[in-house]
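Residues per chain are reported as follows:
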Amino acid sequence: MATCNVCGSMILFGGKKEGNYRFCNNTCLAKGKVFLVSDQIPHDVVEKETKALHHGSCPKCGNHGPVDVHLSYRVWSALLFTSWKTTVNICCKRCGVKAQALDLTLSSLFGWWGIPWGIFITPVQIVKNVIGICKAKNHLTPSPALRNQVRLLIAANYLENEK
Ligand SMILES: [Zn+2]
Ligand SMILES: [Zn+2]
């Protein structure tokens, strides 16, 4: 089944199609412009920016890198409502682990208290953070995830300047 490239929800009927991307509605289509633009950015531009970011100092703490993508996972619930998200942290390893530890703590405290999703999603988010913390390492070369993020950042900048 197709999923929206922006919000990740399943597309049952209709939806919008642009290039290789599917979007669930016009709001996501507008946000998805950045994906379409990102495909047009030349490879060497992305490569150069990625290397610069990777070797530069950490945007969060200012300390020496290498800088890469560190994902952290959060969930919180309030009775019938549960919200969860994945945060893309572009930072050094130490800041990445810090973000994962924070999300781990918040999810353990506030994730459970929603019916029914809190009970299912909370252990998933906890495990993902634990794995992230255990597997944290310094990448000697930029990861593909960092390259993707840089591509999207350049595209977002381009769209911002176009306005
Ligand atoms: Zn969507
Ligand atoms: Zn840092």
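Provided above is the structure to which this section pertains.
Reading the values: the criteria
- Residues numbered from 1 in each chain as written.
- Chains lettered and ligands numbered in written order.
- Predicted model: local features only at pLDDT ≥ 70, side-chain atom pairs only at ≥ 80, totals over all residues.
- Heavy atoms only, no water.
- Core = buried A, V, L, I, M, F, W, Y, C linked by side-chain atoms within 4.5 Å.
- Buried < 20%, exposed > 50% of the residue type's maximum accessible area, 1.4 Å probe, protein only.
- Helix = DSSP H or I, 4+ residues; strand = E, 2+ residues; numbered from the N terminus.
- Domains from an automatic or database assignment.
- Contact = heavy atoms within 4.5 Å.
- Donors = N, O, S within 2.8 Å, 3.2 Å for Na, K, Ca; no water.
- Tetrahedral: all angles 85-135°; square planar, octahedral: opposite > 155°, others 65-115°.

Caption draft 1: Focus on the nonpolar core. Membership of the largest hydrophobic core comes to 13 residues, with the highest contact counts inside it found for Cys4, Phe23, Val34, Phe35 and Ala155. Counting residues per element, the ones that place at least two in this core are strand S2 (21-23), helix H1 (26-38) and helix H5 (144-162). In terms of residues, this core owes the most to one element, H1, which gives five residues. Taken domain by domain, this core gets at least three of its residues from each of domain 1 (1-40) and domain 2 (43-162). Beyond its immediate sequence surroundings of up to four residues, phenylalanine 35 is in contact with Asn5, Val6, Tyr21, Phe23 and Leu152. Counting nine residues, the second largest nonpolar core, distinct from the first, contains Cys58, Ile90, Cys91 and Cys95.

Caption draft 2: Geometry of the coordination of the zinc ion (ligand 2). Around the zinc ion (ligand 2), the protein contributes the donor atoms Cys58 (SG), Cys61 (SG), Cys92 (SG) and Cys95 (SG), which lie 2.3 Å from the metal centre. The site at the zinc ion (ligand 2) holds four donor atoms, and with the angles between them running 105 to 113 degrees, its shape is tetrahedral. All donor residues of the zinc ion (ligand 2) come from one chain, and their arrangement in sequence is C-x2-C-x30-C-x2-C. In this pair, cysteine 61 is assigned in the loop between helix H2 (43-55) and strand S3 (68-78) and cysteine 95 in helix H3 (residues 93-110), connecting sequence segments 34 residues apart. By relative accessible area, which is 35% here, cysteine 61 ends up partly exposed.

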